[in-house]
Amino acid sequence: STRTPATSNKDTNTIGDSLTVDEHLTDGGDGDVEGKTMEENWEYLRNTLGISRGQTHQLFFISKNLWRSGFVRVPSYCSSDALSSDLCRPSCPTHLWSNRSESDGGPIDGRGVLRATGQMEFLFRLSSKLRIVDDDSSRFELRHEDSSLMTEFFDHLLRALCSFGYVGEMFTSAAPYDPVFWPIHPTSERLFHFRRIISYLGIRHLHEDWGYQHAFNVATDWGTYCNWTNVDSVTQFMPVCTRDASVDPHLDVCPSHRADAPLGGYHCVGVCEYEDLKDAGPSSYFTNAEFYDYTSPFNEDLPYMYDSFEWPHCDESGYPIAT
């Protein structure tokens, strides 16, 4: 399987991100880090790094990128009488990186892990206090702070980013298990149906060509996917992470995000039971592009429809949904 950032048809990204990101993160977990609540920990990091309050949620994305790249590990299960134990929290086990050295390209401390996974670049963009040392793009430290304390600081920063509390379903791909999930996504689709309708009517054009449009100013998009297919506890501890072809054309694109890929990924073929919605065609499964077409508000075979495209509560709150 793969752990990838969500990407899709170019103009859908903004709608999906703005509606679901904060909701998933807010409802997706809770906990504490080294005696601080999650909110207190983010506040500490925000103030220390000089990150604006409106960008604090980017720290969650950096944590998820560390998880995707294999450094953060989450317990498979946890007994109810051990919830306060460190064994129940996500962490970055030292054995995954402590035996690697700079000579083989591996990180050796917190700063090295953040650099090797590309997360230091996001922190640098978000932070008003991080600086590059002597034009060496691999060296970062806090402005006006003792350089000798930087190793300790980045080790603490890594622990904080790796130990982000108790992760609930809304924080993961298992989000549909949480009832809160269901008001969010129909709301998103209803808005997107409205967007597709006004484009069809010529009111506001919607770009619907399939492809990627990377937004590297947000940590959720790092142009990388990590293949976990062969990861086990004996021979291969870490996934194989590669850059997206739209970032580097010499590397493979995430296969499950292609227009012609099976809906839900290749592991879903014959398992995810989408076939009963699809007429006989060139394949027995939906591709991503076919499902996008199938969910068009103009598809007469779609087994549901929205009763209206009016949001009076938004109008009353001063946020009208305009064309």
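None of these values were measured; they are calculated from a predicted model. (Residues numbered from 1 in each chain as written. Predicted model: local features only at pLDDT ≥ 70, side-chain atom pairs only at ≥ 80, totals over all residues. Heavy atoms only, no water.)

S.K.: Tell me about the pattern of salt bridges, and name the residues and values.
M.R.: When their charged atoms lie close together, side chains carrying opposite charge are able to pair. This structure, assessed with the given rule, holds three salt bridges. Between R46 and E43 there is a salt bridge, with its nearest N and O atoms 2.9 Å apart. Of the two residues, R46 and E43 are both situated in helix α2 (residues 38-49); the distance of three residues between them amounts to about one turn of the helix. Its salt-bridge partner being R53, residue E43 comes within 3.5 Å of it at the nearest N-O pair. Of this pair, E43 sits in helix α2 while R53 sits in the loop between α2 and α3 (58-68), and the two are ten residues apart along the sequence. A relative accessible area of 29% means that E43 is categorised as partly exposed. For R53, a relative accessible area of 57% gives the class exposed. (Salt bridge = Lys/Arg side-chain N within 4 Å of Asp/Glu carboxyl O. Helix = DSSP H or I, 4+ residues; strand = E, 2+ residues; numbered from the N terminus. Buried < 20%, exposed > 50% of the residue type's maximum accessible area, 1.4 Å probe, protein only.)

S.K.: Describe the packing of α3 against helix α5 (residues 119-126), listing the residues and the values that go with them.
M.R.: Running from N to C, α3 and α5 point in directions that differ by 170°, and their axes come no closer than 10 Å. Taken as axis vectors, α3 and α5 run roughly antiparallel relative to one another. Residue-level inspection shows Q58, L59, I62, N65 and L66 of α3 in contact with α5, the latter providing Q119, F122, L123 and L126. Classifying every residue of the contact of α3 with α5 gives six nonpolar, three polar and no charged. (Axes fitted to C-alpha atoms, helices over the stretch in contact; angles between N-to-C directions. Parallel < 35°, antiparallel > 145°, perpendicular 65-115°, else oblique. Contact = heavy atoms within 4.5 Å. Nonpolar A, V, L, I, M, F, W, Y, C, P; charged D, E, K, R; others polar.)

S.K.: Would you mind going over the state of the cysteines in detail, with residue names and values included?
M.R.: Summed over the entire model, instances satisfying the criterion amount to two disulfides. With its sulfur 1.8 Å from that of its partner, C92 forms a disulfide with C162. The sign of the S-S torsion, about -75°, decides the handedness of the disulfide formed by C92 and C162: left-handed. Here C92, found in the loop between α3 and α4 (110-116), pairs with C162, found in helix α6 (residues 150-162); they are 70 residues apart in sequence, far enough to count as distant. (Disulfide = S-S within 2.5 Å.)

S.K.: Describe the confidence of the model for the protein, naming the residues involved and giving the relevant values.
M.R.: Confidence along the protein averages 75 in pLDDT terms, with 71% of residues attaining 70 or more. For the protein, the element scoring lowest by mean pLDDT is strand β1 (residues 2-3), at 35; helix α9 (residues 312-316) scores highest, at 91. Note that pLDDT drops below 50 for residues 1-10; the model gives that stretch 38 contacts with residues more than four away or on any other chain. (pLDDT = per-residue confidence, 0-100.)

S.K.: Summarise the side chain of S199; cite the residues concerned and give the values.
M.R.: By the secondary structure assignment, S199 is in helix α7 (residues 181-200). Looking at S199, its side chain comes within polar contact range of the main-chain nitrogen of L206, at 3.0 Å. Contact partners of S199, with chain neighbours within four places excluded, come to R204, H205 and L206. (Polar contact = N/O pair within 3.5 Å; in protein donor to acceptor, adjacent residues only side chain to side chain.)

S.K.: I'd like a description of the packing of aromatic side chains, backed by residues and values.
M.R.: Scanning the model with the defined rule gives eleven aromatic pairs in all. Between F194 and F309, the aromatic rings sit 6.3 Å apart at their centres with planes inclined by 25°, giving stacked as the arrangement. Here the residue F194 occupies a position in helix α7, and F309 occupies one in the loop between α8 (288-294) and α9, the gap between them amounting to 115 residues. F194 sits in the buried class, given a relative accessible area of 14%. Judged by centre distance (6.0 Å) and plane angle (80°), the ring pair of Y304 and Y306 falls under edge-to-face. You can call Y304 partly exposed: its relative accessible area is 34%. (Phe/Tyr/Trp six-rings, centres within 6.5 Å; stacked < 30°, edge-to-face > 60°.)

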